Amino acid sequence: MPGNDEPLVAILDVDGTLVDTNYHHAIAWYRALRDHGHAVQVWKIHRHIGMGGDQIVAALVGDSAEQAEGDEIREAHDEAYGDLIAEVEPMAGAHDLIEDLDEEGTKLILASSAKQEEIEHYVDLLGARDLVSAWTSSDDVEQTKPEPDLVRVALEKAGGGPAVMVGDSTWDVKAASAAGVSTLGVLTGGFSEEELREAGAAEVVPSIAELRDRREMLGAVSGGPGPKGD
């Protein structure tokens, strides 16, 4: 068990949690799948956003499509998303939350399954380069969410300590649970409180801005010491 003097580790999901990307990704996947002859309604795609790109094609259109053209569909998604990424904005309060947590001694790890160049873009968009300890990308793991690999890598980069995951999707919660980490969910990705709690989230808040005002919840969810809210 970690000692009480160890700092809290906050593993922060990026897409849909700190930056407003979920619907951009849904459109990108829709276009990529459509261009390969798969008509999948956008609402169905959205239910899988937060799942890693290595998992989502099979989940949406089956294992045979994944085997035959999965890489091509992922490349088409990346191209379509590249046309949209300039429109992405941080969630309200995201930079301020990161800044406050850093000042209070929380060790911050950004947990993303995005490509390295995308996560680098988000780190700069959030003004977080000098505030967080590390971040992950799809290059760090063989399997992404809902597999626990990304959360485990984030824990390794943190170097230990009581930890909590902050995420917006059921896939975040499932990945963290499989890695033995409790999750505080936010509603910014379009998943409901009921869905997040059913997936295993310990607590749920409406937004990142509200989480900033209730930062003490992070320590309570982790079971270790945490920052004090305003």
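Residues numbered from 1 in each chain as written. Predicted model: local features only at pLDDT ≥ 70, side-chain atom pairs only at ≥ 80, totals over all residues. Heavy atoms only, no water.

(A) How the structure looks around the overall build of the protein chain. What the protein chain contains, in helices and strands, is 11 helices and six strands. The globule rule puts the C-alpha radius of gyration for 230 residues at 17 Å, and the 17 Å found for the protein chain is close to it. Considering only C-alpha atoms, the protein chain reaches an extent of 55 × 30 × 30 Å along its principal axes. Looking at the 230 residues of the protein chain, the share that counts as buried comes to 50%. Sequence-distant contacts, at least 24 apart, represent 64% of the contacts inside the protein chain between residues at least 6 apart. Counting only carbon and sulfur atoms, one obtains 44% of the accessible surface of the protein chain, whose full area is about 10000 Å². (Helix = DSSP H or I, 4+ residues; strand = E, 2+ residues; numbered from the N terminus. Rg over C-alpha atoms; globule rule 2.2 N^0.38 Å. Buried < 20%, exposed > 50% of the residue type's maximum accessible area, 1.4 Å probe, protein only. Contact = heavy atoms within 4.5 Å. Areas by Shrake-Rupley, 256 points an atom, 1.4 Å probe, with all protein chains shown as cover.)

(B) Just the packing of helix α3 (residues 53-61) against helix α4 (residues 63-82), in detail. Running from N to C, α3 and α4 cross one another at 130°; their axes reach a closest spacing of 9 Å. Viewed along their axes, α3 and α4 adopt a mutual orientation that is oblique. The interaxial crossing formed by α3 with α4 has right-handed handedness. Mapping the contact onto sequence places Gly53, Asp54, Val57, Ala58 and Val61 in α3 and Asp63, Ala65, Glu66, Gly70, Ile73 and Arg74 in α4. For the contact of α3 with α4, the residue count by class is five nonpolar, two polar and four charged. (Axes fitted to C-alpha atoms, helices over the stretch in contact; angles between N-to-C directions. Parallel < 35°, antiparallel > 145°, perpendicular 65-115°, else oblique. Left-handed = near helix turned anticlockwise from the far one by under 90°. Nonpolar A, V, L, I, M, F, W, Y, C, P; charged D, E, K, R; others polar.)

(C) Focus on the nonpolar core. In terms of nonpolar packing, the biggest core is built from 37 residues, with Ile98, Tyr122 and Leu184 touching the most fellow members. When residues of this core are assigned to their parent elements, the largest contribution, four residues, is made by helix α5 (residues 94-103). When sequence neighbours within four positions are dropped, the list of residues in contact with leucine 184 reads Val164, Met165, Val166, Gly167, Glu203, Val205, Leu211, Met217, Leu218 and Val221. In this structure, Leu33, Leu60, Phe191 and Val204 belong to the second largest nonpolar core, which totals 20 residues. (Core = buried A, V, L, I, M, F, W, Y, C linked by side-chain atoms within 4.5 Å.)

(D) Region of the structure containing α5. Residues Ala94, Leu97, Ile98, Asp100 and Leu101 constitute the buried set of α5. In an axial view of α5, the angular spread of the buried residues amounts to 165°, which keeps them on one side of the axis. In this fold, the buried residues of α5 make contact with β1 (9-13), β2 (107-111), α10 (208-213) and α11 (216-222). At the C-terminal side of α5, glycine 105 shows a positive phi close to 90°. (Arc of directions from axis to C-beta.)

(E) A look at the pattern of salt bridges. For the structure shown, the criterion picks out 17 salt bridges. Where aspartate 100 meets arginine 215, a salt bridge forms, and the shortest distance between an N and an O atom there is 3.5 Å. Of this pair, aspartate 100 sits in helix α5 while arginine 215 sits in the loop between α10 and α11, placing them 115 residues apart in sequence. By relative accessible area, arginine 215 is classed as buried at 2%. With its nearest N and O atoms 2.8 Å apart, the salt bridge here joins aspartate 124 to arginine 129. Linked by salt bridges that have partners in common, Asp96, Asp100, Glu104, Arg212 and Arg215 make up one network. (Salt bridge = Lys/Arg side-chain N within 4 Å of Asp/Glu carboxyl O.)

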